[in-house]
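One letter stands for each residue in the lines below.
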Amino acid sequence: RRTDLPTSSAVPQTVHQDEPAEGTRIIENPGSRTVNVRLREVLGPALSDEILDIMLEIAPRSRALVPLPLTPRHRGPATVPPGAIRVAGPWGLAWAERLAGEEQAVRVLPTARLAGEQGMAIERSLRGAPGLHARQRRGHSSELYALREYQPGDPMGRIHWRASARRGRPVTRETIWEQHQQIVVLVDAGRPMAARADHRTKLDHAVAAALAMLRVAVAQRDTA
């Protein structure tokens, strides 16, 4: 018990749901003898799926850096509790137990990155954001981009009737993606959204989808 082992930890203040992160537990040995330590970390299901249980041999006047892998599962505030360490006596006949570090608050933010085909669609949209390419992006909207000759198969709703009357032949409107729009997203937070889909709630999935969509909207110079 008289063995002095100052401990501290470095944990990120904010992490994202389902995105791996890492903290560090620091154990110092300022003494003149090698110390055998057993470290046990139970972060709970909100921050990690695993229990860390390792043996350490810390040389005199040195320190051990133990990584704390974090895999946040639940949105909202979370706490990294102190670790439990057992220190072996000089003769190895007994162990003394103490806490390592102090509680640290962590904010688990919702993820804004989708996986699979949805994530690939988001990345394609971000790569094609205005400013990355010097050309206009055509798309379905009400903002006129250009007029062109009618092609078989063009929708009747896109024919510019006044220009067609002036030219004496059908003319089709080309539109451009609208920009600088005001985007408002409403998310249902009712009781049914608390049901789980995989290891996350429906509300978690809805918030992640809304944030991913807003990333694209902001990249398109809209206001969210």
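Each value, and the rule that gives it
Residues numbered from 1 in each chain as written. Predicted model: local features only at pLDDT ≥ 70, side-chain atom pairs only at ≥ 80, totals over all residues. Heavy atoms only, no water. Helix = DSSP H or I, 4+ residues; strand = E, 2+ residues; numbered from the N terminus. Buried < 20%, exposed > 50% of the residue type's maximum accessible area, 1.4 Å probe, protein only. Contact = heavy atoms within 4.5 Å. Polar contact = N/O pair within 3.5 Å; in protein donor to acceptor, adjacent residues only side chain to side chain. Core = buried A, V, L, I, M, F, W, Y, C linked by side-chain atoms within 4.5 Å.

Chemist: Give a detailed account of the environment of Glu 41, specifying residues and quantitative values.
Modeler: Structurally, the position occupied by Glu 41 is in strand β4 (residues 35–42). Residue Glu 41 is classed as buried on the basis of its relative accessible area of 2%. Taking the C-alpha atoms as reference points, Glu 41 and Gly 83, 42 residues apart in sequence, are found 4.9 Å from one another. Discounting chain neighbours no more than four positions away, the residues touching Glu 41 are Arg 25, Ile 51, Leu 52, Leu 68, Pro 81, Pro 82 and Gly 83. At 2.7 Å, the side chain of Glu 41 and the side chain of Arg 25 are in polar contact.

Chemist: Residue-level account of the nonpolar core, with values.
Modeler: Counting residues in hydrophobic clusters, the biggest one holds twelve residues: Leu 5, Ile 27, Val 35, Val 37, Leu 39, Leu 56, Ile 58, Ala 64, Val 66, Ile 85, Val 87 and Ala 100. Of all the secondary-structure elements, those providing two or more residues to this core are β4, β5 (51–58), β6 (62–70) and β8 (83–88). Broken down by element, the residue count for this core peaks at three residues, all from β4. Beyond its immediate chain neighbours, meaning those up to four positions away, Leu 5 contacts Ile 27, Glu 28, Asn 29, Val 35, Val 37, Val 87 and Arg 98. With nine residues, the next largest nonpolar core counts Val 11, Leu 47, Leu 70 and Val 80 among its residues.

Fair warning: the whole summary comes from geometry, so function is off the table for now.
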